[in-house]
Amino acid sequence: MRKLKNSELERLDVEAFKKTAKIPLIVILDNIRSLNNIGSVFRTSDAFLIEKIYLCGITAQPPNKDIHKTALGATESVDWEYAKDTLALIQKLKVSKIKILAIEQAENSTMLQDFNIEPNQKYAVVFGNEVKGVQQKVVSASDYCIEIPQFGTKHSLNISVSVGVVLWDLFKKFRF
């Protein structure tokens, strides 16, 4: 095996990315504190052709050098918008028939591997604050609560890891 050079990866440029069909998935960041986590979400969203990111509440917005450090330019390719109130945003999205998936540990949650997407349905996934998680009022207003199964001693994953796990799983379900 030989490691591929970046020039051999045949990646899209920003203009081509903007024109490429996206999977029907929106990412919502609910009060994320870490600028590095925000940048990582942009980069992962670029990798899996996410339609849009909403940055809510205290979540910082580009341009920001610390976001850029981990996003590596993905703030230019992935569409994004700021929304002050996460609950108001999801209520607006639900009016547009978008199903809301809170990524959280909760009673009667559905394990990620058991969640099946519906054909021709658009979804928005909500990821919460590094300490408090997704706000309870947002979890309560969501159509589904999806949980990432964990088997070790820790109670949670870093948000950027959670985003990677969830987006890859949903991308596979949309594409394969």
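Quick notes on the rules
- Residues numbered from 1 in each chain as written.
- Predicted model: local features only at pLDDT ≥ 70, side-chain atom pairs only at ≥ 80, totals over all residues.
- Heavy atoms only, no water.
- Helix = DSSP H or I, 4+ residues; strand = E, 2+ residues; numbered from the N terminus.
- Expected span 1.5 Å × (residues − 1).
- Buried < 20%, exposed > 50% of the residue type's maximum accessible area, 1.4 Å probe, protein only.
- Contact = heavy atoms within 4.5 Å.
- Polar contact = N/O pair within 3.5 Å; in protein donor to acceptor, adjacent residues only side chain to side chain.
- Pairing = 2+ DSSP bridges.
- Core = buried A, V, L, I, M, F, W, Y, C linked by side-chain atoms within 4.5 Å.
- Salt bridge = Lys/Arg side-chain N within 4 Å of Asp/Glu carboxyl O.

Colleague: What is the right way to read helix H2 (residues 35-47) from this model?
Modeller: Since the α-helix packs 3.6 residues into each turn, any two residues three or four apart lie on the same face. Relative to the 18 Å expected for 13 residues at 1.5 Å per residue, H2 spans 19 Å between its end C-alpha atoms, a close match to the ideal helical length. When H2 is considered as a whole, its buried residues turn out to be Asn37, Ile38, Gly39, Val41, Phe42, Thr44 and Ser45. Packed against the buried residues of H2 are strand S1 (23-30), strand S2 (50-56), helix H3 (65-71), helix H4 (74-77), strand S3 (80-83) and helix H7 (159-175). The N-cap residue of H2 is Ser34: its side-chain oxygen and the backbone nitrogen of Asn36 are 3.3 Å apart. Among the residues trailing H2, Leu49 stands out with phi positive, at a value near 55°.

Colleague: Looking at this structure, I do not really get the pairing of strand S6 (residues 123-128). What am I missing?
Modeller: Regular strands place their side chains on alternate faces of the sheet. Burial within S6 is extensive, with 6 of its 6 residues counted as buried. Pairing geometry for S1 and S6, over 6 bridges, is parallel. Bridge pairing links Ile26 to Ala124 in S6. Direction of pairing for strand S4 (residues 99-103) relative to S6: parallel, over a ladder of 4 bridges. Note that in S6 the partner of Leu101 across the bridge is Val125.

Colleague: I would appreciate a short explanation of the side chain of Ser162 in the present structure.
Modeller: Here Ser162 shows up in helix H7. In this structure Ser162 touches Phe127, Ile148 and Leu157, once residues within four positions along its chain are discounted.

Colleague: Looking at this structure, how should I read the nonpolar core?
Modeller: Among soluble globular proteins, nonpolar side chains are generally buried collectively. The biggest cluster of nonpolar side chains holds 33 residues, and the ones touching the most others in it are Val27, Leu29, Val125 and Phe127. Taken together, the elements giving at least two residues each to this core come down to S1, H2, S2, H3, S4, S6 and H7. With 6 residues, H7 is the largest single contributor of residues to this core. Counting 19 residues, the second largest nonpolar core, distinct from the first, contains Ile28, Leu87, Ile98 and Ala124.

Colleague: Help me understand the pairing of strand S7 (residues 144-147), please; the structure alone is not making it clear to me.
Modeller: Sheet topology places S4 next to S7; 3 bridges connect them, and they run parallel. Residue pairing in the sheet places Ile103 in a bridge with Ile146 of S7.

Colleague: Teacher, can you tell me more about the pattern of salt bridges here?
Modeller: One side chain can pair with another of opposite charge once the charged atoms of both are near each other. One pass over the structure, following the stated rule, counts 10 salt bridges. For Arg2, the salt bridge identified is with Glu8, shortest N-O distance 2.7 Å. Arg2 gets classed as exposed once you look at its relative accessible area, which sits at 54%. Since its relative accessible area comes to 31%, Glu8 is described here as partly exposed. Its salt-bridge partner being Glu81, residue Lys52 comes within 2.5 Å of it at the nearest N-O pair. One end of the pair, Lys52, is in strand S2; the other, Glu81, is in strand S3, and 29 residues separate them in sequence. Of the residues examined, Glu81 reaches a relative accessible area of 30% and is grouped as partly exposed. Through salt bridges with shared partners, a single network forms among Lys65, Asp66 and Lys69.

Function cannot be inferred from these measures alone, as they are strictly geometric.
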